[in-house]
Amino acid sequence: LSDSSIQIQQDEALDEEGVAHFTFANERLANFVGRTTILEKISNYLKNSDSRILAVYGEGGTGKSALAARVLKEAQRYNSQAEIVYRFIGATPSSSDGRSLLDSLCREISRRYGASELDIPLDYQDLVKELPKRMALADEGHPLIMILDSLDQLSHAQDVRNLSWLPDQLPAHVRVLTTTRQNEDTFTYLKAKHAVLEELGGLSRSEGRLLLLTWLQEKRRTLQEPQIDAVLNAFEDSGGTPLYLKLASEEARLWLSRDGLPPEELAVGIEGIIEHNLIDRLAHESNHGQLLVSKVLGYLAASRYGLAEDEIIDLLSRDLEMYMW
């Protein structure tokens, strides 16, 4: 069942970077449903003495970040003596950069265990050697739980994606949960480290229905049963992917419930629904129009780490073609 009433707790060890990941985690946690089996497996891993990394893998949009946020919340609730360090890679620009990520991790671990930050090295290769030393500060009374979501979002610079900075055998009293997409090199490197592998699949139809109705209720919208069935049928055909359901719900909430039947067919798959439903609707001349949509998508595609709304507006205001529109 959905359980968004209990939020992830913030603590004094978080600096500005840590607070950004704290905020991101709470956003991912909203309206979490299901995943009972894999949550139990992760809970057992955190309790046992396995010195290997635990890697949850799955396709894009399966809800790996939401699962990591839920694990974080559960870890805070049931592991009161543990020090928990978490990064949702890609949530901030610096978290994708190898040197910045390792520096940030070393500093937070040091703060949590009362160690000096003054001797943390600056060079990336030195940080690769330093991180396991900082992780080894964990002890029986204060174990360390590290959650590293979306390793596939790491930069290709500095060879950070080869994960040489993560020890094959973790120090005593340390557990590391990671997530990644299956078709990425980071997954291959995790297998080479003999990580414990757990696949994250799709949600069931009943879980999808609960999530869909929750989202619609938040928007103060209702749908007729045939319309709900149309969304859930497309959701099942798309592998039960939460991201697909979110996109489908955004389309379905624009339908008129009094029509009874859905006015359009939802394309299958995340790429399909984005291209044939979302973009087509936004690019229609009765909506934003093709020029504006193509410009915004082009700027987003060309950006390195995405763009904020005010940045997009600034770029559009400098675009000569938009003046002629």
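Above this text is the structure in question.
No experiment lies behind these values; they were computed from the predicted model shown. The residue count restarts for each chain, going from 1 along the sequence in the order it is written. Per-residue local features of the predicted model are confined to residues with pLDDT of at least 70, and side-chain atom pairs are confined, for both listing and counting, to 80 or more; whole-chain, interface and lining totals are unaffected and use all residues. The basis for every side-chain value is the complete set of non-hydrogen atoms in the structure, without hydrogens or water.

**Examining the environment of Q227**
Okay, so step 1: Put simply, DSSP marks the helices as runs of H or I at least four residues long and the strands as runs of E at least two long, and each gets a number from the N terminus on. Looking at the element boundaries, Q227 is found in helix α9 (residues 225–237).
Okay, so step 2: With a 1.4 Å probe rolled over the protein chains alone, any residue whose accessible area is under 20% of its type maximum counts as buried; one over 50% counts as exposed, and the rest are partly exposed. For Q227, a relative accessible area of 0% puts it in the buried group.
Okay, so step 3: We call two residues contacting when some pair of their heavy atoms lies within 4.5 Å. Apart from the residues lying within four places of it in its own chain, the contact partners of Q227 are W255, L256, S257, D259, G260, L261 and P262.

**A few points about the pairing of strand β2 (residues 83–88)**
Okay, so step 1: For β2, the buried fraction is high: six of the six residues fall into the buried class.
Okay, so step 2: Neither face of β2 is left uncovered, since the one carrying E83, V85 and R87 and the one carrying I84, Y86 and F88 both have all their residues buried.
Okay, so step 3: Bridge count between β2 and strand β3 (residues 144–149): six bridges; the pairing is parallel. Of the residues in β3, the one forming a bridge with Y86 is I147. Strand pairing requires that DSSP identify at least two bridges connecting the strands.

**Regarding the pattern of salt bridges**
Pairing between side chains of opposite charge can happen when their charged atoms approach one another.
Okay, so step 1: In what follows, salt bridge is the name for a side-chain nitrogen of Lys or Arg lying within 4 Å of a carboxyl oxygen of Asp or Glu. Applying the stated criterion to the full structure yields 27 salt bridges.
Okay, so step 2: Ionic pairing is found between R161 and D185, a salt bridge with its closest N-O pair at 2.7 Å. Taken together, the residues span a long stretch of sequence, with R161 in the loop between β3 and β4 (174–181) and D185 in helix α7 (residues 185–192) at a distance of 24 residues.
Okay, so step 3: Accessibility expressed as a relative area gives 5% for R161, which makes it buried.

**Quick look at the side chain of N31**
Okay, so step 1: Structurally, N31 is set in the loop between α1 (16–29) and α2 (36–47).
Okay, so step 2: Given a relative accessible area of 10%, N31 falls into the buried group.
Okay, so step 3: For N31, the side chain forms a polar contact with the side chain of E218, separated by 2.8 Å. A 3.5 Å cut-off defines polar contacts: any pair of N or O atoms within that distance qualifies, except that in protein one atom must be a possible hydrogen donor and the other a possible acceptor, and neighbouring residues in sequence count only when both atoms are side-chain atoms.

**Considerations on helix α3 (residues 64–78)**
Okay, so step 1: Helices are assigned an expected span. That span is 1.5 Å times one less than the residue count. Taking 1.5 Å per residue, 15 residues should reach 21 Å; α3 reaches 21 Å between its end C-alpha atoms and fits that length.
Okay, so step 2: All of the buried residues in α3 are K64, S65, A66, L67, A68, A69, R70, V71, L72, K73, E74 and A75.
Okay, so step 3: Where α3 is buried, its residues meet α1, α2, β1 (54–58), β2, β3 and β4.

**Some words on the sheet that holds β3**
Okay, so step 1: Taken together, five strands build an open sheet; the order of strands is β2-β3-β4-β1-β5 and the sheet is parallel. Taken across any chain shown, the strands that pair with only one partner, and hence form the sheet edges, are β2 and β5 (196–199). Between one strand axis and the next, the sheet turns by 15° as a mean value, whatever way the strands run.
Okay, so step 2: By the bridge criterion, five bridges tie β3 to β4 in an arrangement that is parallel. When the sheet's bridge partners are listed, I145 is paired in β4 with R175.
Okay, so step 3: Axis definition: a line fitted to C-alpha atoms, limited for helices to the stretch in contact. Angles are taken between N-to-C directions and run from 0 to 180 degrees. Together, β1, β4 and β5 form the strand contacts of α7, whose direction differs from that of β4 by roughly 145°.

**As for the packing of aromatic side chains**
Okay, so step 1: Here a Phe, Tyr or Trp ring, Trp counted by its six-membered ring, pairs with any other such ring whose centre lies within 6.5 Å, and the pair is stacked when the planes are under 30 degrees apart, edge-to-face when over 60, and tilted otherwise. One pass over the full model with this rule turns up three aromatic pairs.
Okay, so step 2: Where F24 meets F88, the ring centres are 5.4 Å apart and the plane angle is 50°; that geometry is what we call tilted. Remark: F88 occurs in strand β2 and F24 occurs in helix α1; sequence separation between them is 64 residues.
Okay, so step 3: With centroids separated by 6.3 Å and ring planes inclined at 70°, the aromatic side chains of Y86 and F88 adopt a geometry described as edge-to-face. The pair formed by Y86 and F88 is uniform in burial state, with each residue classed as buried.
Okay, so step 4: An aromatic cluster of at least three residues, connected via ring pairs, comprises F24, Y86 and F88.
Okay, so step 5: If you follow R28 out to its NZ or CZ, it ends over the ring of F24, 4.2 Å from the centre.
Okay, so step 6: The aromatic ring of W215 is capped on one face by K246, whose charged end is 4.6 Å from the ring centroid. Only lysine NZ and arginine CZ atoms are considered, and such an atom sits over a ring when it is within 6 Å of the ring centre and within 35 degrees of the ring normal.

**Some details on the pairing of β5**
Okay, so step 1: Residues V196 and E198 of β5 are buried on one face, while the alternating residues L197 and E199, pointing to the opposite face, are not.
Okay, so step 2: As judged from the four bridges shared by β1 and β5, these two strands associate in the parallel manner. Of the residues in β5, the one forming a bridge with V56 is E198.

**Here we look at the packing of helix α10 (residues 242–252) against helix α11 (residues 270–283)**
Okay, so step 1: In the contact formed by α10 and α11, the axes pass within 10 Å of each other and the chain directions differ by 20°. In terms of axis orientation, α10 runs roughly parallel to α11. As for the relative orientation of α10 and α11, their crossing is left-handed in sense. Between α10 and α11, the contacting residues are L243, Y244, L247, A248 and E251 on the first element and I270, I273, I274, N277, L278 and R281 on the second.
Okay, so step 2: Residue composition of the contact of α10 with α11, grouped by class: eight nonpolar, one polar and two charged. Between 65 and 115 degrees an angle is taken as roughly perpendicular, under 35 as roughly parallel, over 145 as roughly antiparallel, and anywhere else as oblique. It is the rotation of the near helix from the far one that decides the hand of a crossing: anticlockwise by less than a right angle makes it left-handed, clockwise makes it right-handed. Basically, the charged four are Asp, Glu, Lys and Arg, the nonpolar ten are Ala, Val, Leu, Ile, Met, Phe, Trp, Tyr, Cys and Pro, and anything else, Gly included, counts as polar.

**Looking at the side chain of N277**
Okay, so step 1: Relative to the helices and strands, N277 resides in helix α11.
Okay, so step 2: Overall, the relative accessible area of 3% leaves N277 in the buried class.
Okay, so step 3: Setting aside residues up to four positions removed in sequence, N277 forms contacts with E251, E264, E265, L266, A267 and G272.

Without other data, these values stay purely geometric and don't point to any function.
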